[in-house]
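Architecture and fold: a report
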Amino acid sequence: MSHRQPIDALRAGLHQALALKNTSPTQPWGHPSAMHEVLASIQRDLGAQADTRPPQDKVEASLLHYQKTRELPNFNSLKYVCYGITVPIGLGQWRVIDDQLLCAHLFAQVRQRQGQAKQFRRCYQGLLESYFNFSRQHRADNVTQTNWGGLRRFLSSNLDPVLQASSARGEPPPWLTTLAAHRNLLGDDPCSRYAAGFMHDEIQEFRMMCATLGIPGNSWVWEDALLAYVRAVCQSPDDIFKRRMPKVLALVDGKLDMRLPHLYAVQAVGMTVARYAACQDKPADTGLLDACIKWIGSPWRERTKWDAAVNNEAARKMVEGWLNRQNIRDFFALLAEDGAADLRRLNYWLRWEQHISEMWFALGYSAASNHSPAFVEVRKRMEGRNRVLRDNNPYNNAFIMRIGQLLVIEFGLTGNACYVFAAADFATNLSQPSFSIHELKQRSGATRLLHGGDWEFNFDQKLRWLLQKVPLTSGNLAPASSSSNTHHANTSGENGTPKKFVILSMCGQHGLEYEDNRPYGGAFWVLIESAHPAQLYPRLTDFLEQAGFKWRPGRGYWIKGEIQ
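An account of the accompanying structure is given in this report. (Residues numbered from 1 in each chain as written. Predicted model: local features only at pLDDT ≥ 70, side-chain atom pairs only at ≥ 80, totals over all residues. Heavy atoms only, no water.)

Moving on: the overall build of the protein. Helix and strand counts for the protein stand at 24 helices and eleven strands. Looking at the 564 residues of the protein, the share that counts as buried comes to 48%. In the protein, the share of contacts with a sequence separation of at least 24, taken over all contacts with a separation of at least 6, comes to 64%. When the accessible surface of the protein is totalled, it reaches about 27700 Å², and 51% of it is carbon and sulfur. (Helix = DSSP H or I, 4+ residues; strand = E, 2+ residues; numbered from the N terminus. Buried < 20%, exposed > 50% of the residue type's maximum accessible area, 1.4 Å probe, protein only. Contact = heavy atoms within 4.5 Å. Areas by Shrake-Rupley, 256 points an atom, 1.4 Å probe, with all protein chains shown as cover.)

Following this line, the structure appears as structure tokens:
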């Protein structure tokens, strides 16, 4: 068999197939026009939308001519402008959709073609493509919005006439029947329909619809559908919302095969954090915290952005508390000399977190210049509150907190006392980018507290006394374990010590962490992962159960409201 026979047989078969379709090529075999015609036929047979978009250069030329002359001299010119009504051109990125007179004239010219069904359908198809490719970020003035609404109404009101005219000529093209089945795309709420499918991870219908209509992945249709999905998640009951929240955050961070542009990512995070703040039980969530910092910013530094993106004070305070607690953990677990040995200091200052109105972190050379992922993330979370500490020891760091009218300073290296000052007497300006160790360890007005023995009790007593001695501007900011509760018998242990303080002291002795989410509507938790806590901490568990705490396997003991 000759090596050319298979090719000759293929050529003969293709000629025969074209003859059966009554589309015998008038051009020589291999001519681009014939190949384009065959490709369009195959696309129609497969149910896909044929690429009917005119060449880009012709569209741009027609747009420039229309801008300059305000005339549409022939059908091709009209069709090309329909395909380019939302396309920005030139140095000024001018668009027809931004010009009220040009839009009105274009729609009028298209209506005049209604008696010529095929031409009217081609213009309609061009306007539809422009509709799906419209960029709402390009310009958002009233003229553009009015023209955008006019384009949508034009497409909606003419969908049935175009479909009927096409049906009268034979079977309508797939894109037209698909649009009729998804006419919600031309309404005031175009994409909420698809949220239910996204909620159940069933998005094939949506993908097929976009493929048939030629909707690109960067179209506003995808953005609206994904936001509708986020909105549906946020409208769900607490358990469904929490189960779906990680996928929402993955979508925002572009970790799925779909992603949101920056503006909509911020909006999605704002909706999500506001919804989480409304949950009955809302423990700190690292993923949500990181998303808030990345897309909105620190709640203490980017207050304006938070008000614009979230507009929910409870959510802002919740994340601010999370960030404060995370920064405290970062300091004593990563920036201190030996994180494992500093669990007592970590747990002690965590219970003061809700009373810390401001905090700063002065980083020594080692922490400020370390490029490992852990240190990079720490500095990112501390952004706006981090300073440079000048010290002969490059591994030292300082944690400065404002509690009422006091400034309290802890150092990372062991062997350093905790320094307490009346804020009004502190001579160093904490807004400056750096300061020396000597500027923090000021002799004048300093109270030095040592970390020895039962130092937690001593710290509480001294801080309570200093808070009472130094005038406050907004009430007593001491923790719930302060003297304000010592006179209530139902909150005290047998020796008169507040039960909360007893619990916190016992947690410190055993190296256990705790979370007090009650200021945000949550519960107070003593975190114990062990399945048999009574065997490991018999005295603590007895005390917790007598105080009304409940056990949740895998997490620990919890209580809401006052500790009785």
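Here the narrative resumes.
With respect to the element layout, Ser 130 can be found in helix 6 (residues 117-132). On the accessibility criterion, Ser 130 (1% relative accessible area) is buried. Look past the residues within four positions of Ser 130 in its chain and what remains in contact with it is Cys 82, Tyr 83, Gly 84, Ile 85 and Thr 86.

Turning our attention to the pairing of strand 4 (residues 406-411). Within strand 4, six of the six residues are buried, leaving the element largely enclosed by the surrounding structure. Where burial is concerned, the two faces of strand 4 agree: the one with Leu 406, Val 408 and Glu 410 and the one with Leu 407, Ile 409 and Phe 411 are both buried. Here six bridges tie strand 3 (residues 398-403) to strand 4, and the two strands are oriented antiparallel to one another. For Met 401, the partnering residue across the bridge sits in strand 4 and is Val 408. Adjacent in sequence and paired antiparallel, strand 3 and strand 4 are bridged by two residues, among which Gly 404 carries a positive phi angle near 60 degrees. Judged from the four bridges that link them, strand 4 and strand 5 (residues 418-422) form a sheet pairing that is antiparallel. Bridge assignment links Leu 407 to a residue of strand 5, and that residue is Phe 421. A loop of six residues connects strand 4 with strand 5, the two strands running antiparallel in sequence, and Gly 415 in this loop sits at a positive phi of about 95 degrees. (Pairing = 2+ DSSP bridges.)

To continue, consider the packing of aromatic side chains. Considering all chains together, one arrives at 31 aromatic pairs under this definition. Both rings, one in Tyr 131 and one in Trp 220, keep their centres 5.2 Å apart while their planes meet at 80 degrees; by these two values the pair is edge-to-face. Taken together, the residues span a long stretch of sequence, with Tyr 131 in helix 6 and Trp 220 in helix 11 (residues 220-234) at a distance of 89 residues. Through a chain of ring-to-ring contacts, the aromatic side chains of Tyr 131, Phe 132, Phe 134, Trp 148 and Trp 220 assemble into a single cluster. When the ring centre of Trp 525 is taken as origin, the NZ or CZ atom of Arg 555, which lies over that ring, is 4.2 Å away. (Phe/Tyr/Trp six-rings, centres within 6.5 Å; stacked < 30°, edge-to-face > 60°. Lys NZ or Arg CZ within 6 Å of the ring centre and 35° of its normal.)

What follows covers the sheet that holds strand 11 (residues 556-559). Here four strands make up an open sheet; going across it, the order is 8-9-11-10 and the pairing antiparallel. Since the sheet does not close on itself, it has two edges, and those belong to strand 8 (514-516) and strand 10 (550-552), each with one partner. Between one strand axis and the next, the sheet turns through 20 degrees on average, direction left out of account. Pairing analysis gives three bridges linking strand 10 to strand 11, with the strands arranged antiparallel. Within strand 11, the position partnered with Trp 551 by the bridge is Tyr 557. (Axes fitted to C-alpha atoms, helices over the stretch in contact; angles between N-to-C directions.)

Enumeration over the complete set of coordinates arrives at 24 salt bridges. Asp 201 is the salt-bridge partner of Arg 244, the closest N and O atoms lying 3.1 Å from each other. Here the residue Arg 244 occupies a position in helix 12 (residues 238-252), and Asp 201 occupies one in the loop between helix 9 (195-199) and helix 10 (204-213), the gap between them amounting to 43 residues. Among the ionic pairs, Arg 385 bridges to Glu 358, the shortest N-O distance being 3.5 Å. Of the two residues, Arg 385 sits in the loop between helix 19 (373-381) and strand 2 (386-390) while Glu 358 sits in strand 1 (residues 356-363), which places them 27 residues apart along the sequence. (Salt bridge = Lys/Arg side-chain N within 4 Å of Asp/Glu carboxyl O.)

Further remarks concern the packing of helix 5 (residues 100-111) against helix 7 (residues 142-168). Interaxial distance between helix 5 and helix 7 falls to 10 Å at its minimum, and their mutual angle equals 10 degrees. Relative to helix 7, the element helix 5 lies roughly parallel. Seen from above, helix 5 lies across helix 7 with left-handed handedness. Along the contact surface, helix 5 presents Gln 100, Cys 103, Phe 107, Val 110 and Arg 111, while helix 7 presents Val 143, Asn 147, Gly 150, Leu 151 and Phe 154. When grouped by side-chain class, the residues that make up the contact of helix 5 with helix 7 number six nonpolar, three polar and one charged. (Parallel < 35°, antiparallel > 145°, perpendicular 65-115°, else oblique. Left-handed = near helix turned anticlockwise from the far one by under 90°. Nonpolar A, V, L, I, M, F, W, Y, C, P; charged D, E, K, R; others polar.)

This part is about the sheet that holds strand 5. If you walk across this open sheet you meet the seven strands as 6-2-1-3-4-5-7, and the pairing is mixed. At either margin of the open sheet sits one strand with a lone partner, and together these are strand 6 (434-436) and strand 7 (447-449). Direction aside, the axes of adjacent strands within the sheet are offset by 25 degrees on average. Contacts from helix 16 (residues 313-335) reach strand 1, strand 3 and strand 4, with the element oriented near 30 degrees to strand 1. Along the sheet face, helix 17 (residues 343-350) touches strand 1, strand 3, strand 4 and strand 5 and points at about 160 degrees away from the line of strand 4.

What follows covers helix 3 (residues 56-69). Here helix 3 spans 20 Å end to end across 14 residues, near enough to the 20 Å set by a 1.5 Å rise per residue. The set of residues buried in helix 3 consists of Val 59, Ser 62, Leu 63 and Tyr 66. What you see down the axis of helix 3 is that its buried residues fit within an arc of 100 degrees, all on one side. Facing away from the buried side of helix 3, by more than 90 degrees, are the exposed residues Asp 57 and Lys 68. Buried residues along helix 3 sit against helix 4 (75-83) and helix 5. Of the residues one or two after helix 3, Arg 70 is the one with positive phi, at around 60 degrees. (Expected span 1.5 Å × (residues − 1). Arc of directions from axis to C-beta.)

Let's shift gears to unusual backbone geometry. Positive phi outside glycine occurs at Asp 201, with the angle close to 60 degrees. Unusually for a residue other than glycine, Asn 311 sits at a positive phi of about 55 degrees. Mapped onto the elements, Asn 311 comes out in the loop between helix 15 (303-309) and helix 16.

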